[in-house]
Every structure is written in C-alpha cells, then in structure tokens.
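Each chain is listed here by its residues.
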Amino acid sequence: MAQVFKPSANHLARLSLLAFVIIPGGLVGAGIAVSRSPWNTNVNVPLNQPVPFSHEHHVNELGIDCRYCHKTVENSPYAGMPSTHTCMSCHSQVWTNSPLLKPVRESYKTGVPLVWNRVTSLPDFVYFDHSIHVRKGIGCDVCHGQVNHMNITFKAKTFFMAWCLKCHRDPAKFIRPKNQVFNMEYRYPPDQSTLGKELMISYHVHKNGLTDCSVCHR
Amino acid sequence: MNIDNIRITFRKSLAGLLSLPLLVMLAGCHTDMWVQKKVDHPFARSTFFPDQSSARMPVSHTVAIGQVPYNDPYDTGMIPNATGVSVTETGVSRGRFVNAFPFKVTKQDLLRGQSQFNIYCSPCHGVLGDGNGMVAIRGFVHQKPANFHTERLIKSPVGRFFDVITNGYGIMYSYASSIPNPRDRWDIAAYIRVLQFSQQAPLSVVPKSRMKELTSSGSDASNPVVSGEPYTTSGGAQ
C-alpha cells in the first residue's frame, strides 16, 4: 500500500502549527471588529424618534442656538432636553397643522412628555458633566459631531473610555476659545498646539489629575 | 502526594484553563453596574409615575422655601403694592412696571444680555430686535413679533420687558423656564435698551475705530456685533 503522507507532509504539519496563532488571533480581531462596529456602538446609525426632528433644519437653516433647547448645558451636568413648552413656543405659530407634529401637540395638551430615544448614553458609573466641558472650551461638536448637519440625529463618536482619554490625556489638542464652544463649524487653527497650551493656562485646565479614576467614576 | 491527587489537580487546572475564555465572555456582560437602580438622569423614563416622567412638576399653588419673594421688583418687574394702572393688553392687570433696573447695570450684564438675547429672543425678534427673526419670517402668519424700535416700546418701562419674558405676552410663551435666573432676564431687558439706542443713536457717538464698518457696506458685513456666535449672525445660510 502506498504511503498516505509523503515526506512533504512534514512541512504541512509544521505549517499547520500557524493555525494556533491565526485562529485565536482572528477570533480576537473579529471580537474587536464587532465591538467597534456600528452594530455595537450605534455610531452613524440614525435612531427613530416620535417626531422626525431635524437639527439640520433648526440649527443650520434657521440659525437657532443649541441652548435655545438644551438650556441647562452651561450650568448643569445635563444639557437638557426641550420641554414640549419649548417646542410649542414656535410651533404654536409655525406648522400648526402638520401631522408630523401631532405628538407634540398631544403632549402639550395632556402634559405627558414626548419619549425621545436616547442617542448618546453613558454607563451609570460614568458621571459626565456638560457644564465643566462647555466652560473650559470644549465645543459641542468635539463629542457630538456636526449635529447641525444631521437630519435625524445619530451618535457621531463611539464614547468609548479610550476615546474620552484621548482628550483627557492631551486637552491642548481639543480646547478652543470659550466664545467658539457653540460654533459648530469651528476649525482648529494651524497653531493649535501653542494656542491650546495658552488656553489651558488661562482656563486653569490642569493636566495632572485629569486622568484620575475619580474624575469620571465614583 | 499520590498519583490520584495529581490527577485531580491536573483536571481541576485544565477545567480552569478551559473556562478562561468563558470568563472573558462573562466580562462582556456588564449589566450590573452599567444599568443601576437609580434615576440616572433628570430625563429618565419612569415606570412609577403615570406620565412616565421621572422629573416631577412642583405642586400647583405652592412655593418652595426661598423661592420668589412675590413683592420684590427684582422678581416681578413690578412696583410692589402699586394700585390702579392696568398695563397689559391681554386683560390681565398685573400692576405697575418699574422703570429702573433693580441693580447697577455693568458691561458684563450687557454682554450676558446680548448672549441670552441672541439665544432665546433673536429667532423671532431678530438680532436687531426689529421683529424680523428667521422663525418669524418663515412662519408667523397671524401676528408678527414685536419690533423694539417702535415708539410704544421705546417708551415702555424696563419692568415690562422683564414681565413679558417671565409671563409671556400675546402669542409669545413664557420664557421663565428657559431663562430661570431673574438676573438674566434683566440683562436681556438691558440689552433691548442697547438695541433701541443703537437704532436711534446719532453718528457722532460712534467710536472712530468702528466708523469704517458703518460706512463701508458689503464686503465685511459678517457682522462683528455678535462675534463668536456665527449662526445667529449669518442667519443660517445653507
């Protein structure tokens, strides 16, 4: 009977050892890919909402400031969602018969708030505070992307901890003048590295401690 | 140590080794601390209250301790206990408006007023306060927002502006919840006075350094008045 394995099979046997590296590596890689994919992070996935609210229209076309609706962003950990009263302060006059706005009118009549689907959600052990970021020169779009160009709002960044740390380790790259925080079209100047360091000094942003666990977790 | 013990130890460690990947997977199931049993933000949905809102409205006809001393002009814009004059056209007699600011207005106040005005008022009243805000232009068919440069409003006492911001007027809703701090409302009232002055002021009061912006029309019209707030100035051109 002829031999099943020729001498060259020895090489194949040795090569097959590579599988011990490739398969676990591939599995780990696949895991990473899945966890970072929009399927897991919801990045760039527009969410269905009770009213198809368009930031593109309200912010970019009409020029309404972020704070008209997200009014507590400068003073509170939470940016704040507009009450139905806020929507109706214009929509009692504008687009009053639109079927799209029926849920808003219903909510105003009954006092039952609209149930928006949360676009950006942090784990309960993260204590994020909007006010401190806004007051120290971190623009809205740094984290939320160019919401002013979103028709249906979606998450623009992963909000992974590593992503937060990118800025907490080196704020000079992201800090901007305070009067540009709500400028959604802000472009960082070429000399950002020097400007950033100057702004950190004048806004009293100290790098030491910014990466302490207790800054965000308690 | 006999051979049996060695075997058992070996099996145990093998089981441990095999369950390691399982542990890694378990580490992915972090529902314990991620979703805690608390109202994690003021807008969280509640299953407890029928209206599903976890934030509660104040009980009607109640005032929290330390909130709104009703007779202080700072909180009402009214002369305390003044009798007689009915001022609103909505049929509600609220009293008489004060015509002086209840504190010394500083430049800081005016700048704050400018920023607050541009956020909350300019969509309808326009950045100039002439009633030609973008929202009003696009959709207010029945009634136009007030133009602050009419004689009636130039002569109007400042308390009136405070009162309208607080309680609304005509088709305008109350902005008390948007602008909860009375100081901010006074600052807006002060900025309205600035706008009114700006439209009535003679050329002689314009500083020489800014004269150029007035005389040269066009090219540099990216409006320096509210620098740093581009979409209130550019009118949101697409």
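You'll find the structure just up there.
So, here's what we can say about the structure.

Cut-off values and rules
- Residues numbered from 1 in each chain as written.
- Chains lettered and ligands numbered in written order.
- Predicted model: local features only at pLDDT ≥ 70, side-chain atom pairs only at ≥ 80, totals over all residues.
- Heavy atoms only, no water.
- Helix = DSSP H or I, 4+ residues; strand = E, 2+ residues; numbered from the N terminus.
- Buried < 20%, exposed > 50% of the residue type's maximum accessible area, 1.4 Å probe, protein only.
- Contact = heavy atoms within 4.5 Å.
- Areas by Shrake-Rupley, 256 points an atom, 1.4 Å probe, with all protein chains shown as cover.
- Core = buried A, V, L, I, M, F, W, Y, C linked by side-chain atoms within 4.5 Å.
- Buried area = accessible area lost by both parts, 1.4 Å probe.
- Polar contact = N/O pair within 3.5 Å; in protein donor to acceptor, adjacent residues only side chain to side chain.
- Expected span 1.5 Å × (residues − 1).
- Axes fitted to C-alpha atoms, helices over the stretch in contact; angles between N-to-C directions.
- Parallel < 35°, antiparallel > 145°, perpendicular 65-115°, else oblique.
- Nonpolar A, V, L, I, M, F, W, Y, C, P; charged D, E, K, R; others polar.
- Salt bridge = Lys/Arg side-chain N within 4 Å of Asp/Glu carboxyl O.
- Left-handed = near helix turned anticlockwise from the far one by under 90°.
- Patch = residues over 30% accessible without salt bridge, like charges linked within 9 Å, V, L, I, M, F, W, Y side chains within 5 Å.
- Phe/Tyr/Trp six-rings, centres within 6.5 Å; stacked < 30°, edge-to-face > 60°.
- Lys NZ or Arg CZ within 6 Å of the ring centre and 35° of its normal.

## Side note on the overall build of chain B
Scanning chain B from terminus to terminus reveals 10 helices and 0 strands. Of the regular secondary structure in chain B, the N- to C-terminal order runs α-α-α-α-α-α-α-α-α-α. In chain B, buried positions account for 31% of the 238 residues. Looking at chain B alone, contacts between residues at least 24 apart form 48% of all its contacts between residues at least 6 apart. Accessible surface, chain B as shown: approximately 15600 Å² in total, 61% of it carbon and sulfur.

## Some words on the side chain of Asp109(B)
As for its position among the elements, Asp109(B) is in helix H4 (residues 107-125). Overall, the relative accessible area of 5% leaves Asp109(B) in the buried class.

## Re the nonpolar core
Of all hydrophobic cores here, the largest spans 24 residues; its most connected members are Tyr68(A), Phe117(B), Tyr120(B), Val135(B) and Ile188(B). Those elements that provide at least two residues to this core are H4, helix H5 (134-139), helix H7 (158-167) and helix H8 (182-200) of chain B. Counting residues in each nonpolar core, the second largest holds 10 residues, with Val73(A), Cys140(A), Met150(A) and Met184(A) among its members.

## What about the interface of chain A and chain B?
In this complex, chain A contributes 39 residues to the contact, which on the side of chain B involves 38 residues. Summing both partners gives a buried area of about 3500 Å² for chain A against chain B, and 56% of it is carried by carbon and sulfur. By the criterion of area lost to chain B, the three top residues of chain A are Tyr68(A), Gln93(A) and Asp124(A), representing 19% of everything that side buries. The interface formed by chain A and chain B contains 9 residue pairs in polar contact (both at pLDDT 80 or more). If you tally residues by element for the side of chain A that touches chain B, the top one is helix H4 (residues 55-61) of chain A, at 5 residues.

## As for H4(B)
With 19 residues, H4(B) ought to run about 27 Å at 1.5 Å a step, yet its terminal C-alpha atoms sit only 22 Å apart, falling short of that. Here H4(B) lies mainly inside the structure; 14 of its 19 residues are buried.

## Regarding the packing of H4(B) against H8(B)
All names here are of chain B. Direction vectors running N to C along H4 and H8 enclose 90°, while the axes themselves pass 7 Å from each other. Relative to H8, H4 is oriented roughly perpendicular. Residue-level contacts link Asp-109, Leu-110, Arg-112, Gly-113, Gln-114, Gln-116, Phe-117 and Cys-121 of H4 to Arg-183, Asp-184, Asp-187, Ile-188, Ala-190, Tyr-191, Ile-192, Val-194 and Leu-195 of H8. When its residues are assigned to classes, the contact of H4 with H8 shows 9 nonpolar, 3 polar and 5 charged.

## Topic: the pattern of salt bridges
Under the defined criterion, the tally for this structure stands at 10 salt bridges over all chains. Between Asp170(A) and Lys173(A) there is a salt bridge; the shortest N-O distance is 3.7 Å. Overall, Asp170(A) belongs to the partly exposed group, its relative accessible area being 24%. On the basis of relative accessible area, Lys173(A) is assigned to the exposed category, the value being 54%. With a closest N to O distance of 2.5 Å, Glu151(B) and Lys155(B) form a salt bridge. Side by side, Glu151(B) and Lys155(B) carry an identical accessibility label, which is exposed. Shared partners join several salt bridges into a network, and the residues in it are Asp65(A), Arg67(A) and Glu74(A).

## Side note on the packing of H7(B) against H8(B)
Residues and elements named next belong to chain B. The interhelical angle for the contact between H7 and H8, taken along N-to-C directions, is 125°, at an axis separation of 9 Å. Judged on the interaxial angle alone, H8 and H7 are oblique. Remark: the crossing between H7 and H8 carries right-handed chirality. In this structure, H7 contributes Val-158, Gly-159, Phe-161, Phe-162, Ile-165 and Thr-166 to the contact, and H8 contributes Pro-182, Arg-185, Trp-186, Ile-188, Ala-189, Ile-192, Arg-193 and Gln-196. Grouping the amino acids of the contact of H7 with H8 by side-chain chemistry returns 9 nonpolar, 3 polar and 2 charged.

## Considerations on a nonpolar patch on the surface
All names here are of chain A. Together, Leu-12, Leu-15, Leu-17, Leu-18, Phe-20, Val-21 and Ile-22 line one region of the surface with nonpolar side chains, adding up to about 780 Å² of accessible area. When residues of the nonpolar patch are traced back to their parent elements, those giving at least two are helix H1 (9-16) and helix H2 (19-36). For the nonpolar patch, the leading source of residues is H2, giving 3 residues. Here Leu-12 shows up in helix H1.

## Considering the packing of aromatic side chains
Here the structure, examined in full by the defined rule, presents 13 aromatic pairs over all chains. Note on Tyr68(A) and Tyr175(B): the rings are 6.1 Å apart at their centroids and 70° apart in plane angle, and the pair reads as edge-to-face. Separated into two different chains, Tyr68(A) in helix H5 (residues 66-69) and Tyr175(B) in the loop between H7 and H8 make up a pair that spans both. Relative to Phe161(B), the ring of Phe148(B) lies with its centre 5.9 Å away and its plane at 80°, an arrangement referred to as edge-to-face. Separated by 13 residues along the polypeptide, Phe148(B) in the loop between H5 and helix H6 (151-154) and Phe161(B) in helix H7 bring together distant segments of the chain. Residue class for Phe148(B) comes out buried when judged on its relative accessible area of 6%. Judged by its relative accessible area of 5%, Phe161(B) falls in the buried class. Aromatic rings pair up to connect Phe117(B), Phe148(B), Phe161(B) and Tyr191(B) into one cluster. Directly above the ring of Phe182(A) sits Arg67(A), whose terminal nitrogen or CZ lies 3.7 Å from the centroid. Lying over the aromatic face of Phe49(B), Arg56(B) brings its terminal NZ or CZ to 3.8 Å of the ring centre.

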